[in-house]
Amino acid sequence: MTYLACDLGGTRLKIGVVRDGRVIAQTVEPALSHLGLAPRLPVLKEAWLRLLKDLKLELTDCSGASVAFPSLIDRKSGRILAVYGKFADSLDIDLRAWARTELGLPLAIENDARMAMIGEWQAGAGRGCDNLVMITLGTGLGVCAIIEGRILRGIHGQAGVLGGHLTVRYGGRLCTCGNLGCAESEASTAFLRQIAEASPDWECSSLRTLPLDYSHVFAQAAAGDACAVGLRDHSLLVWSSLVVNLIHAYDPEKVILGGGIMAGADQILPAIIEHVNRHAHTPWGKVQIIPSVLGDTAALVAGEWLLRETSDQ
Ligand SMILES: [Zn+2]
């Protein structure tokens, strides 16, 4: 199957053409998500047409289009159910109708964390395993679960994908979702500045002179910066606690970790594995904690599975 794919992130549109589980052409456009979704649709269409032209393909060679979107999606209608400061106009846009009119193709759309998980399940780190949890460590914390070969969705589409909003610190920091002490509000890039500035060691930290992201936190912690050491250790404990919560909730055989923060996998994975082996209740054996293998392309590769599911509805 050949199809068009897009991962609509808050900062970048990852756009591709996929054939038989492989991205055969791709490009990136700025998301400009604060300006809304409608102005980006012609840009997306242009990018797809350009990629097809380079491949000497036509729209009629494609079976459909798939979109990964950073929100909750209604499975039956394909409509976007909520906005979180990005693409504020998206509740009023029917992407399936747009694709029919503009491309003459069916469109499948799903939450971006679910799409990343489906990609890893079908063609990446989760291949051959039907009991999986994936956590995307990045700007926010994306989560998805597959239980006995079925993607956990729930009646309102929010089961599983709110895993990053499980409470890990009782009475903790207020999250964008409204809850207190979510894993996301305690350890994610979106909240990193708030967390760092609350540290007693912030005033004399070398992090003040650097762009504040986890790569610098890990590097400065290794160099002995007290604020960075505190941030690193706190974040590792938050993510480890979240993994135990998700194992207790969803009974996976494997937990896949992906996202930009996983550039520091050599520090993250051993800490989480040690914590999980010590604290997760799994009398049947050990859960494997493994890195994603598809990276940025996981959500694009998921499109084939999702288009098949959508056409079966
Ligand atoms: Zn939250």
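Calculation criteria
Within each chain, residues carry numbers counting from 1 in the order of the written sequence. Only residues with pLDDT of 70 or above have their local features reported here, since the model is predicted, and side-chain atom pairs are shown and tallied only from 80 upward, although totals for entire chains, interfaces and linings are computed over all residues. In computing side-chain properties, one takes all heavy atoms of the structure into account and sets aside hydrogens as well as water. Salt bridge criterion: a side-chain nitrogen from Lys or Arg within 4 Å of a carboxyl oxygen from Asp or Glu. Secondary structure follows DSSP: runs of H or I at least 4 residues long count as helices, runs of E at least 2 residues long count as strands, and numbering of each begins at the N terminus. The cut-offs for exposure are 20% and 50% of the maximum accessible area for each residue type, with area from a 1.4 Å probe on protein chains only; residues under the lower value are buried, those over the upper are exposed, and the others partly exposed. Strands were regarded as paired on the criterion that DSSP finds at least two bridges between them. What the arc covers is the set of directions going from the helix axis to the C-beta atoms. What makes two residues a contact is simply this: any of their non-hydrogen atoms within 4.5 Å. Pairs of N or O atoms within 3.5 Å make up the polar contacts considered here, provided that, within protein, one atom can donate a hydrogen while the other can accept it, and that residues adjacent in sequence are counted only when both atoms are side-chain atoms.

Asks: Outline the pattern of salt bridges, listing residues and values.
Replies: Between side chains of opposite charge, pairing is possible as soon as their charged atoms come close. Scanning the model with the defined rule gives 17 salt bridges in all. Residue arginine 169 is joined to glutamate 186 by a salt bridge in which the shortest nitrogen-to-oxygen separation is 2.9 Å. Here the residue arginine 169 occupies a position in the loop between strand 8 (150-151) and helix 4 (183-186), and glutamate 186 occupies one in helix 4, the gap between them amounting to 17 residues. A residue is classified by how much of its surface remains accessible, and arginine 169, at 38% relative accessible area, is partly exposed. By relative accessible area, which is 1% here, glutamate 186 ends up buried. In this structure, arginine 308 and glutamate 304 form a salt bridge, with 2.9 Å as the shortest nitrogen-oxygen distance. With arginine 308 and glutamate 304 both in helix 10 (residues 303-312) and 4 residues apart, this pair spans about one turn of that helix. With a relative accessible area of 15%, glutamate 304 lands in the buried category.

Asks: So what's going on with the sheet that holds strand 9 (residues 254-258)? Residues and values would help.
Replies: Each strand in a sheet pairs with another by means of backbone hydrogen bonds, the pair being arranged parallel or else antiparallel. The 5 strands are arranged 8-7-6-9-10 in an open sheet whose pairing can be described as mixed. Taken across any chain shown, the strands that pair with only one partner, and hence form the sheet edges, are strand 8 and strand 10 (288-291). In this structure, strand 9 lies alongside strand 10, joined through 4 bridges in parallel fashion. Paired with valine 255 across the bridge in strand 10 is isoleucine 289.

Asks: Would you mind going over the pairing of strand 7 (residues 141-147) in detail, with residue names and values included?
Replies: Burial of strand 7 is extensive: 6 of the 7 residues sit out of reach of the surface. Bridge count for strand 6 (residues 132-137) against strand 7 is 6 bridges, and the pairing is antiparallel. When the sheet's bridge partners are listed, leucine 137 is paired in strand 7 with leucine 141. Taking the residues between adjacent antiparallel strands as the criterion, strand 6 and strand 7 are bridged by 3 residues. Relative to strand 8, strand 7 is paired through 2 bridges, and the arrangement is antiparallel. Within strand 8, the position partnered with isoleucine 147 by the bridge is arginine 150. The hairpin turn running from strand 7 into strand 8, its antiparallel successor, is 2 residues long, and glutamate 148 in that turn takes a positive phi close to 50°.

Asks: Any details on helix 2 (residues 95-103)? Residues and values, ideally.
Replies: Every buried residue belonging to helix 2 is among Leu95, Arg96, Trp98, Ala99 and Leu103, and all of these are buried. What you see down the axis of helix 2 is that its buried residues fit within an arc of 155°, all on one side. Turned more than 90 degrees from where helix 2 packs its buried face, Arg100 and Thr101 sit exposed. For helix 2, the elements touching its buried residues are strand 1 (2-8), helix 1 (41-54), strand 4 (65-69), strand 5 (107-111) and helix 10. The opening residue of helix 2, the one whose side-chain oxygen lies 3.1 Å from the backbone nitrogen of arginine 96, is aspartate 94. Backbone geometry just after helix 2 places glycine 104 at a positive phi near 70°.

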